[in-house]
Amino acid sequence: MTDIKKSLPKALLKGLIVILLAVLPMFIMNIAMENFLDAELEAVQIAAEKTLAAKKALEEAQDQYERERLEAELAVKKAEQYEEFYQKYKRRDSYHYYGQFYEMYENMYNADTIIIGTSHAAHGLNPLYLEEEITDRSFYNFGLNGSNPSYYVDWFKLFEKAEYPRPKTVIFCVDWFMFDSGWLWRRIDFDTNPDCPANIMEKIKAREYLDSVSATVDTDEDTSDETAQDQIEVVQTEQAENEDKKIKNLDDLTTEIFSHVAIIYSRDRIPEMIKYYLTGASFTTETEEVVQTEKNEELPEVPVYEHEYLADSIGNITSEFYKGFIPWEAYYDGSFSVAQATNYDDQIASMYKLMEMFEDWGCEVIFVQIPEYIKGRRAVHEKENDELLSKIAEKYGVPFFNYNTDLASEINDDYTNYSDWGHMSRKGSIAFSQRLAQDLKAYWDGQAE
Amino acid sequence: MLFNSIEFLIFFPIVIIGYFLLPQKFRKYFLLAASCYFYMSFIPKYILILLVTTVVDFTGAVAIDYFNNKGKKKAAIASFVTAVLINVGMLVFFKYLGMLEDTINFFGKKLDMRTVVFPEVVLPIGISFHTFQSMGYLIDVYTGKEKVCKNFIDFALFLMFFPQLVAGPIERYGNLMGQLKAEHHLTYDNISAGGRMMLWGMFKKVVVADNLAMFADAVFDNVGNYSGWGLVVGILCFTIQIYCDFSGYSDIAIGAARVMDIRLMKNFDTPYFSASTPEFWRRWHISLSTWFKDYIYIPLGGNRVSTPRWCFNQLVTFAVSGIWHGASFTFVIWGLLNGIYIVVSRFVKPIKDKFYEITRIGKLPHLRRFIGIAITFVMIALTWVFFRANTFSDVFYVFTHLFTSTTMDFSHITLFRHCVAVIAVAVLLAVDLMTQSEKLKEWYVSAKMSSQVVRLLSYAFILFLIVVLGAYDNKSFIYFQF
């Protein structure tokens, strides 16, 4: 005890001085970072306001010609808003998540056929080639790295909240390892944490909502101040609820604490923050070359932006992102791996939950298993897991296109179609997307008959 | 729990306060309980493996001593061999089963045989370290170098002392046991020195190693996308990463023990400032290299043998060292390559000395040393390719594309992380260079007001860098896989 009385107070005092000396610059930088992030989001929100104004103008259009012009204006504003968003968030880790959540909340494409699944889907299925073959549908790839059925149960809650139209068809890319949550790690808070894609989109939407509410209040419409105030409070409560997560352990606690410290969760932005303050720059759009589309003398042109090559931290080619698809190029020499999956009961339960939900929605579901480089892997428990998937498909009357078994082809035999044994390369994704497009067309044509 | 985790940040002060609040006679029980808790925080049931090792080696040593005292030499040998075989057997089962499976499947594929799948076994954290620590004790008792420990709790604590339990330093019984039994005092000097080491170790791990890992991983996980300087950058980054990762852990372990008034052995002595490969291996992972020297190299005859035999001894020692590091043939090649360096350096030394004499570089000791450091660094860096590469074909690719035109793309790594890498390496180099000067070291730790102020400011600066620049995706320490 004497030891502690003698040594500890001095050590604690010195420790406290060190901590204070370290915290002071952190505190100052934190304030600076918060201001910087607010200024950046503001730029996107201003673009969103312009889109909102264009939407309102369209709603008030008096005649067909004005309507046509305002629709074109709206398309231009949407494109500019999306470009503003891309330029601000293209360097965030894995932009494609930001792009997908942007679509979920802003509904640029009004997709009636959505694709969900893991990274095998995100890198394997390109809507461009699906739409080339199937021209009467709009596709969007909502495949996400590391996603599992439980993740999608939470994801569809966001989907509903964002009011994205319920799809006509869900192409569910099912993998033989999809019930292994040790392998598939994604949780919804990775996307809803502060300054993460869903959180950013909700802030943008909340601002749009608040702007629309305050605009309504300013007009002579029959909305009382009290009702508007209630609505604002609802939005703010929803935002607070989004941030209210279950803290199960110390890791969750530290993540929660650090997720409110801007200088920590946005550290990667420090060089940009320094540049912002040193140069006094404002957040104007930095567009690259703009390629004009067909000119119409009377209607405004929708700009099409070309983006210089950009890849994220794990090799996803951000600049080639298209409707949720993102190519992943990595060196693969066809080397062999043993892959083993463990089924977790909660994931299987979530799978049934999703199928019930799709049934309630009345939307068609199609199971697709993305082709893998069969010679490059020994998939332990593949047969049993595929049988489970077949059982689920049979129960809900869902067709199952399995491109690793009965529908395997030369695509599975060529390792240049892959970036590793499971993920398709750009070349592979083109070949497979075209193949699937033909099969889906034949299937749907058959259904129509 | 990892050292760079919030759990350890809470665990450690509680252990320190609890330890020093207790009367001396209860301290070892408390420390043992804390060490068990520390180990069980990884995979709880694997404490049984540690318990088995402890019981086997404690009983084995007692049996060896008993039979020796009774003059029953054969029984003593049998006890010794049995205990060693159990230790090695457990190591082989948990660590090398995967390697065996890969080897069988490699040859089996060529013979069109069905692939074999062994049950998946999770590697118990630190098994290589505590097994070697324990076997060192067994060997010392068998050879009569150390007296047997007849108190199970004392022995268990020697084996399971938490700061060095999972990644070393691999302590010797003689050094650690005496300290564990002695009375300890919580002094300001120990808190200061220990805290300083822990802070520096944390900086090396989360700021230097984990940030450079992004560049090294980018290259080694996609070698085909890099060539020329791109590969050079990857190799350099891994060279610094592995040093900082491992020495960072050692610093935290040694610092934590120091706070408790226990001196663990120094494990790294700025090895990349070595002017020759033999010197490098006297300064890198000192606890392991001295273990191999004392328990494999010297029993084989050491250097008191003919030259061919000496070469053989070196190669065997380093090959075993390679296998210890990893369950893959790339590690074996890495070990052998280092052995070859040691052997060649002996034969090349006269030629080197002659060269320096002719060119008069010999008269400029600083220049000579600088050249030696540069050459040694490059040679060691090249061996790390075998250590880090995922497959042999990757190794082949690296060496055949090192001197071709440059392809590299780190644009996916943010500008921030590029800046952090540069700042981190600059700070590391500055501090490691300053520690080469004994005068500067003495001044830094002195009681003068100026040095106190500089110390406080430097601690604050390092803490600031750790919090703001550190990589926090919970990357575990590289040597945990051993």
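These figures come from a predicted structure and were not determined experimentally.

Thresholds, definitions, all that
Residues numbered from 1 in each chain as written. Chains lettered and ligands numbered in written order. Predicted model: local features only at pLDDT ≥ 70, side-chain atom pairs only at ≥ 80, totals over all residues. Heavy atoms only, no water. Helix = DSSP H or I, 4+ residues; strand = E, 2+ residues; numbered from the N terminus. Contact = heavy atoms within 4.5 Å. Areas by Shrake-Rupley, 256 points an atom, 1.4 Å probe, with all protein chains shown as cover. Lys, Arg positive; Asp, Glu negative; His and termini not counted. Charge placed at Lys NZ, Arg CZ, Asp CG, Glu CD. Buried < 20%, exposed > 50% of the residue type's maximum accessible area, 1.4 Å probe, protein only. Pairing = 2+ DSSP bridges. Axes fitted to C-alpha atoms, helices over the stretch in contact; angles between N-to-C directions. pLDDT = per-residue confidence, 0-100. Buried area = accessible area lost by both parts, 1.4 Å probe. Salt bridge = Lys/Arg side-chain N within 4 Å of Asp/Glu carboxyl O. Polar contact = N/O pair within 3.5 Å; in protein donor to acceptor, adjacent residues only side chain to side chain. Nonpolar A, V, L, I, M, F, W, Y, C, P; charged D, E, K, R; others polar. Expected span 1.5 Å × (residues − 1). Arc of directions from axis to C-beta. Phe/Tyr/Trp six-rings, centres within 6.5 Å; stacked < 30°, edge-to-face > 60°. Lys NZ or Arg CZ within 6 Å of the ring centre and 35° of its normal. Left-handed = near helix turned anticlockwise from the far one by under 90°.

With respect to the overall build of chain B
- A tally of regular secondary structure across chain B gives 18 helices and 0 strands.
- The C-alpha extent of chain B, read off along each of the three principal axes, is 70 × 70 × 50 Å.
- The contacts of chain B with a sequence gap of at least 6 include a subset with a gap of at least 24, amounting to 76%.
- Summed over its atoms, the accessible surface of chain B is roughly 21400 Å², and 70% of this surface lies on carbon and sulfur atoms.
- With 43 positive and 30 negative side-chain charges, chain B shows a spacing of 8 Å between the two charge centroids.

So, the overall build of chain A
- Helix and strand counts for chain A come out as 15 helices and 9 strands.
- Sorting the 449 residues of chain A into buried and exposed places 51% on the buried side.
- For chain A, the accessible area works out to roughly 21400 Å², and carbon and sulfur atoms hold 52% of it.

Quick look at the sheet that holds strand β9 (residues 400-402) of chain A
All names here are of chain A.
- Pairing within the open sheet is parallel, and its 5 strands lie in the order β2-β1-β3-β7-β9. Looking at which strands have only one partner, the edges of the open sheet turn out to be β2 (139-141) and β9. For this sheet, the mean inter-axis angle between neighbouring strands, taken without regard to orientation, is 20°.
- Bridge count for strand β3 (residues 169-173) against strand β7 (residues 364-369) is 5 bridges, and the pairing is parallel. The partner of V170 across the bridge, within β7, is V365.
- Of the strands in this sheet, β7 and β9 are in contact with helix α14 (residues 382-395), which crosses β7 at around 165°.

Quick word on the confidence of the model for chain B
All names here are of chain B.
- Confidence in the prediction for chain B averages 89 pLDDT; 98% of positions are at 70 or higher.
- Mean pLDDT across the secondary structure elements of chain B bottoms out at helix α4 (residues 73-110), with 86, and peaks at helix α9 (residues 229-259), with 95.
- Predicted as a complex, the structure gets a pTM of 0.76 and an ipTM equal to 0.82.

What to know about the interface of chain B and chain A
- With 45 residues of chain B at the contact, the number on the chain A side is 39 residues.
- Of the roughly 3700 Å² buried between chain B and chain A, counting both surfaces, carbon and sulfur atoms make up 66%.
- At the junction of chain B and chain A, the tally comes to 1 salt bridge.
- A salt bridge links D268 of chain A to R417 of chain B, with the shortest nitrogen-to-oxygen separation between them at 3.5 Å.
- Counting across the chain B and chain A interface gives 7 residue pairs in polar contact (both at pLDDT 80 or more).
- Taken together, the elements giving at least two residues each to the side of chain B that touches chain A come down to α1 (6-21), α4, α8 (188-220), α15 (392-401), α16 (415-434) and α18 (449-469) of chain B.
- A per-class count over the side of chain B that touches chain A returns 23 nonpolar, 14 polar and 8 charged.

Re α16 of chain B
- The end-to-end C-alpha separation of α16 of chain B is 29 Å, in line with the 28 Å expected for 20 residues at 1.5 Å each.
- Of the positions making up α16 of chain B, those classed as buried are F416, R417, V420, A421, A424, V427, L428 and D432 of chain B. The buried residues of α16 of chain B all sit within an arc of 145° when viewed along its axis, so they share a single face. Across from the buried face of α16 of chain B, at angles greater than 90 degrees, the exposed residues are L415 and V422 of chain B.
- The secondary structure elements touched by the buried residues of α16 of chain B are α12 (270-279) of chain A together with α8, α9 and α18 of chain B.

Points about the packing of aromatic side chains
- Scanning the entire structure with this criterion turns up 93 aromatic pairs over all chains.
- Their ring planes at 85° and their centres at 5.3 Å tell us that F58 of chain B and F152 of chain B sit as a pair that is edge-to-face. Of this pair, F58 of chain B sits in helix α3 (residues 47-69) while F152 of chain B is found in helix α6 (residues 152-160), placing the two residues 94 residues apart along the sequence.
- With a centroid separation of 5.5 Å and 90° between ring planes, the pair formed by F280 of chain B and W281 of chain B is classed as edge-to-face.
- For R186 of chain A, the ring lying beneath its charged end belongs to Y97 of chain A, and the centroid distance is 4.2 Å.

Details of the environment of H381 of chain A
All names here are of chain A.
- Summarising the element assignment, H381 is placed in the loop between β8 (377-380) and α14.
- For the pair H381 and D445, spaced 64 residues apart in sequence, the C-alpha separation works out to 35 Å.
- Apart from the residues lying within four places of it in its own chain, the contact partners of H381 are Q340 and A341.

Considering the packing of α9 of chain B against α16 of chain B
All names here are of chain B.
- Between α9 and α16, whose axes approach to 12 Å, the crossing angle comes to 60°. Judged by the twist between their axes, the crossing of α9 over α16 is left-handed. Contacts between α9 and α16 involve I240, Y243 and C244 from the former and V425, L428 and D432 from the latter.
- Of the residues contributing to the contact of α9 with α16, the split by class is 5 nonpolar, no polar and 1 charged.

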